[in-house]
Amino acid sequence: LAKTTQPISMDSYEGQEVNITCSHNNIATNDYITWYQQFPSQGPRFIIQGYKTKVTNEVASLFIPADRKSSTLSLPRVSLSDTAVYYCLVGDMTGTASKLTFGTGTRLQVTL
Amino acid sequence: DARVTQTPRDKVTEMGQEVTMRCQPILGHNTVFWYRQTMMQGLELLAYFRNRAPLDDSGMPKDRFSAEMPDATLATLKIQPSEPRDSAVYFCASGSSGRGNEQFFGPGTRLTVL
């Protein structure tokens, strides 16, 4: 059971790069690292996923060091619409006994 | 645009009543999850199914909650009898095994038990 730890909240100005780090010291060999974004009154939305090294897509980058005990979600040039709660999830839903646990999430506030 | 659908979107009921929430996963997804979200506890995994078989329901109060997948297009979460502490938003999500933790969430059912 890979418990995750994230900062409770972060503030940023529009246009800046935001990096949110998640600690997961007990990550298992088969576990993936996945980040979700949640707006009020909506379900979480998948942002990005990785297993090791670096992954980049059109909205974010995910950096994973060699030991995989942490990961960093990088949001380039945030806008007001990026204000949301960001969750780090570690696990593997293909496992028969895996228990996927969302952390408390990081509340990102973007202002002008 | 494939989406997970949930019904009802909102439900207000009185303590002791039975509540049934329904979820239609994305066609082709073989894994379905039920989560509960509250301000105090955050997102909690209640149960999940793969290929319609329950794999883990350890997060669910067994005495009053039950989850089933009568077919590949329908997942249900039932609470009987409901209690005020069950008030929360219940999310269903679906995904495909082999794609890590990529889950697609529905809009949720907001349950209020008076």
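Residues numbered from 1 in each chain as written. Chains lettered and ligands numbered in written order. Predicted model: local features only at pLDDT ≥ 70, side-chain atom pairs only at ≥ 80, totals over all residues. Heavy atoms only, no water.

J.: Is there a simple way to explain the interface of chain B and chain A in this structure?
T.: The extent of an interface is frequently quoted as the accessible surface area lost upon association of the parts. Each side of the interface is counted separately: chain B has 26 residues, and chain A has 23 residues. Our count for the contact surface shared by chain B and chain A stands at zero salt bridges. Across the contact surface, chain B and chain A share nine residue pairs in polar contact (both at pLDDT 80 or more). Among the elements of the structure, β4 (31-38), β5 (42-50), β6 (53-56) and β9 (88-95) of chain B are those that each provide at least two residues to the side of chain B that touches chain A. Residues that form the side of chain B that touches chain A fall into these classes: nine nonpolar, twelve polar and five charged. (Contact = heavy atoms within 4.5 Å. Salt bridge = Lys/Arg side-chain N within 4 Å of Asp/Glu carboxyl O. Polar contact = N/O pair within 3.5 Å; in protein donor to acceptor, adjacent residues only side chain to side chain. Helix = DSSP H or I, 4+ residues; strand = E, 2+ residues; numbered from the N terminus. Nonpolar A, V, L, I, M, F, W, Y, C, P; charged D, E, K, R; others polar.)

J.: I tried to follow the side chain of Thr13(B) on my own but got confused; where do I start?
T.: By the element assignment, Thr13(B) lies in strand β2 (residues 10-13). Discounting residues that sit within four places of it in the chain, Thr13(B) has contacts with Val19(B), Ser82(B), Leu111(B), Thr112(B), Val113(B) and Leu114(B).

J.: I would appreciate a short explanation of the nonpolar core in the present structure.
T.: Within the largest apolar cluster, 22 residues are counted, with the highest numbers of intra-cluster contacts made by Met21(B), Trp34(B), Met60(B), Ala67(B), Leu77(B), Ile79(B) and Tyr90(B). Taken together, the elements giving at least two residues each to this core come down to β3 (19-24), β4, β5, β7 (65-71), β8 (74-79), β9 and β11 (109-113) of chain B. With residues near it in sequence (within four places) discarded, Met21(B) still touches Thr7(B), Trp34(B), Ala75(B), Thr76(B), Leu77(B), Ile79(B), Tyr90(B) and Thr109(B). Grouped together as the second largest cluster of nonpolar side chains are 20 residues, Cys22(A), Ile64(A), Ala84(A) and Tyr86(A) included. (Core = buried A, V, L, I, M, F, W, Y, C linked by side-chain atoms within 4.5 Å. Buried < 20%, exposed > 50% of the residue type's maximum accessible area, 1.4 Å probe, protein only.)

J.: Whenever I open this one, the sheet that holds strand β5 (residues 53-56) of chain A confuses me. Can you help?
T.: Hydrogen bonds along the backbone pair up the strands of a sheet, which may run parallel or antiparallel. Residues and elements named next belong to chain A. Judged by pairing direction, the sheet is antiparallel, and its four strands sit side by side in the order β2-β7-β6-β5 without closing on themselves. The sheet terminates laterally at β2 (18-23) and β5, the two strands that pair on one side only. On average, adjacent strands in this sheet sit at an angle of 15° to one another, irrespective of strand direction. Bridging between β2 and strand β7 (residues 70-75) involves six bridges; their strand directions are antiparallel. In the sheet register, Val 18 faces β7, and the bridge partner there is Leu 75. (Pairing = 2+ DSSP bridges. Axes fitted to C-alpha atoms, helices over the stretch in contact; angles between N-to-C directions.)

J.: Help me out: how do you make sense of the side chain of Thr106(A) in this one?
T.: All names here are of chain A. Structurally, Thr 106 can be placed in strand β10 (residues 106-111). Overall, the relative accessible area of 0% leaves Thr 106 in the buried class. Within the local environment of Thr 106, its side chain forms a polar contact with the backbone oxygen of Pro 7, the two atoms lying 2.6 Å apart. Apart from the residues within four sequence positions on either side, Thr 106 is in contact with Gln 6, Pro 7, Ile 8, Ser 9, Met 10, Ile 20, Ala 84, Val 85 and Tyr 86.

J.: What is the right way to look at the environment of Asn57(A) in this model?
T.: All names here are of chain A. Mapped onto the secondary structure, Asn 57 falls in the loop between β5 and β6 (61-64). For Asn 57, a relative accessible area of 24% gives the class partly exposed. Between the alpha carbons of Asn 57 and Ile 47 there is a distance of 8.7 Å; along the sequence they are ten residues apart. Residues within four places of Asn 57 in sequence aside, it is in contact with Ile 47 and Ile 48. Here the side chain of Asn 57 touches Val 59 through a polar contact of 3.0 Å, landing on its backbone nitrogen. From its side chain, Asn 57 meets the backbone nitrogen of Ala 60 in a polar contact 2.9 Å long.

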